[in-house]
Amino acid sequence: LEEMVVTASRVDTKKVDTPANITVITQEKLAESNYADAADALRDVPGVNILGSGAKGTSMGQDLIMLNGDKRVLVLIDGRRVNMASSGNYSADWLPPVDAIEKIEVLKGAGSALYGTDAVGGVINVITKKGTDIKNKGTVKVATGSWNTEQYSATYGGSENGLGLFVSANKDRRGNYSYKDNLSGDVKELDNSGYDTTSATVKIDKELGDSNRITLQAEHMLAEGGSPFGSKEFVTTDSHQRLNNDVSIRYDWNESKDNSGFAQIYKNYHHSYFHSPNTLNISDFNEDKYGVELQQNWKLNDKHNLTSGFDYYKTNVQNEIMYGGTESVNNKAVYLEERWKIGESWQLNSGFRYDNHSSYGSETTPHFALNKKFNEDSNAYISWGKVFNAPTTDALYWKQFQDGYWTLGDPYLKAETGHVLTIGANTKLSENTTFNASVFSSQIKDAIDWAYNDITYAAQAINVDQEKRKGMEISTAHKFDNNWSMNASYTYLKVQQDFNNGEGYLTNGSAAPNLYRAGVKYQKDKLIVDLTMRAATGQMYSYLGKFARDY
């Protein structure tokens, strides 16, 4: 609990002083667990669920990150938003390689008051390494596995006279994977299921004086692979290619002082190309995002700290499948948060954000959070925040005819609005045992979903009248001795939707109600053996939607 977190309040704060459900995947954890990618690391966090289609690669780089069963998750890389305006998401497959990551902070609960749209379920902030924190160190990694899997990575970081450099290059590829046929019992190879991903990161930072810094960062990813799953076929000859090129420049001032702040400009570029013998399946898609951020912190006195900022971004989306082929959205926002220490152990965080979105309009999202610190190892908190989520360009403008059916967006969709309540506690039961627990509840009006209409023979973007979520999360970790340790967690989730069709609230069985995780680790000198188990129960096949159709 002594570790520092930045995502919950947009400023470095001790975790024990943070009234939020936040988990940190440390650099030590990333190294010891030898994760293949950042997605694997996130899967070990209670309350996180990553949905993909089959094995890695077969979902065409569209692995959906969910927090507390909610797909409306904002993903940040070094505090820079990377979610796409088209889908509203950012695939777990596109996150920076593990060797380039300093730590990952996972904030579960309302984040709209500080981050705006996309942050209904929470925020994931991937913080990458910088050269000025590394003493001239290089690493090389080679790995292999089943189905002709190969992984190669090389990194170097170091600094001299306040000038830091960090670079990484990565290659991750796999051939077709195998599966067991349930009918025959034979092991078969799934054709066209391989992938090949190349990525690179360059980060240059220069210390200016004793508390200022300028950072230039560039990231590249090229992912190519087969697309074996079609709408009516089990194996297709379709293929996909995705390209991400992002660049940013950031200036931080007074980093080690109470009146710190930063200014940042960035550009994110994404290109997707889907190839198919069926011309109706071909898609060529581009998205450009330009952003500007400005933030300033103040220490008003020993009891009051203030954070304020300005956030602007504009996204241009080009896709022939949309009604007009090209659409542009932008958002302007200001935010303010005060952190007030009450006595020696209480803290009240309060604030708001005002957004003006081009395809939705304006919205003000306040939040309040109260923290009680019992000691340096234990705290309890309650957090409430209003949330909103603007419709994506896919939901607004999609228009596609495929295999005899239409998929249609709705340009008149309403934005999602609502609130989220989280209550939780963290404690150290003994020198070797920690325990964490939280419960949450959310209610969203006009939740955006897709439903099939038997009358129009079309899948349509719709507003669900009301959506309710509630759940709980408990986790514990224990160290038996210098060699053996364990961890375990349980997450419960219930999602209900009211389509205003006379059926009342219906339980969405596709959300995994029960998630279990358990792990055992043995460590002696440089030898680490780590065994992890994950399981889900309680999912239901049948679901009654807006148009009275069983799914």
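Residues numbered from 1 in each chain as written. Predicted model: local features only at pLDDT ≥ 70, side-chain atom pairs only at ≥ 80, totals over all residues. Heavy atoms only, no water.

A. Geometry of the overall build of the protein chain. A count of helices and strands for the protein chain gives 4 helices and 33 strands. Taking 551 residues into account, the globule formula puts the C-alpha radius of gyration at 24 Å, and the protein chain, at 23 Å, falls close to it. If you line up the protein chain on its principal axes, its C-alpha atoms span 65 × 50 × 45 Å. Sorting the 551 residues of the protein chain into buried and exposed places 51% on the buried side. The contacts in the protein chain between residues at least 6 apart in sequence include a share of 59% that link residues at least 24 apart. Here the protein chain displays about 25,100 Å² of accessible surface, and carbon together with sulfur accounts for 54% of that area. (Helix = DSSP H or I, 4+ residues; strand = E, 2+ residues; numbered from the N terminus. Rg over C-alpha atoms; globule rule 2.2 N^0.38 Å. Buried < 20%, exposed > 50% of the residue type's maximum accessible area, 1.4 Å probe, protein only. Contact = heavy atoms within 4.5 Å. Areas by Shrake-Rupley, 256 points an atom, 1.4 Å probe, with all protein chains shown as cover.)

B. Geometry of the pairing of strand S16 (residues 212-226). Relative to S16, strand S15 (residues 195-208) runs antiparallel, the two sharing 14 bridges. Across the sheet, threonine 198 pairs through a bridge with leucine 222, a residue of S16. Counted between consecutive antiparallel strands, the loop separating S15 from S16 contains 3 residues, among which glycine 209 sits at a positive phi close to 75 degrees. Bridge count between S16 and strand S17 (residues 239-253): 14 bridges; the pairing is antiparallel. (Pairing = 2+ DSSP bridges.)

C. The pattern of salt bridges, seen in detail. The full count for this structure, using the stated rule, is 35 salt bridges. A salt bridge links aspartate 70 to arginine 469; the shortest N-O distance between them is 3.8 Å. Here aspartate 70 is found in the loop between strand S5 (64-67) and strand S6 (73-77), whereas its partner arginine 469 is found in strand S29 (residues 458-479), with 399 residues between them in sequence. On the accessibility criterion, arginine 469 (9% relative accessible area) is buried. Lysine 299 is the partner of aspartate 258 in a salt bridge, and the nearest nitrogen-oxygen pair spans 3.9 Å. Of the two residues, aspartate 258 is situated in the loop between S17 and strand S18 (261-275) and lysine 299 in strand S19 (residues 283-299); the sequence distance between them amounts to 41 residues. Three or more residues joined by partner-sharing salt bridges are found here, namely Asp70, Arg72, Glu416, Glu467 and Arg469. (Salt bridge = Lys/Arg side-chain N within 4 Å of Asp/Glu carboxyl O.)

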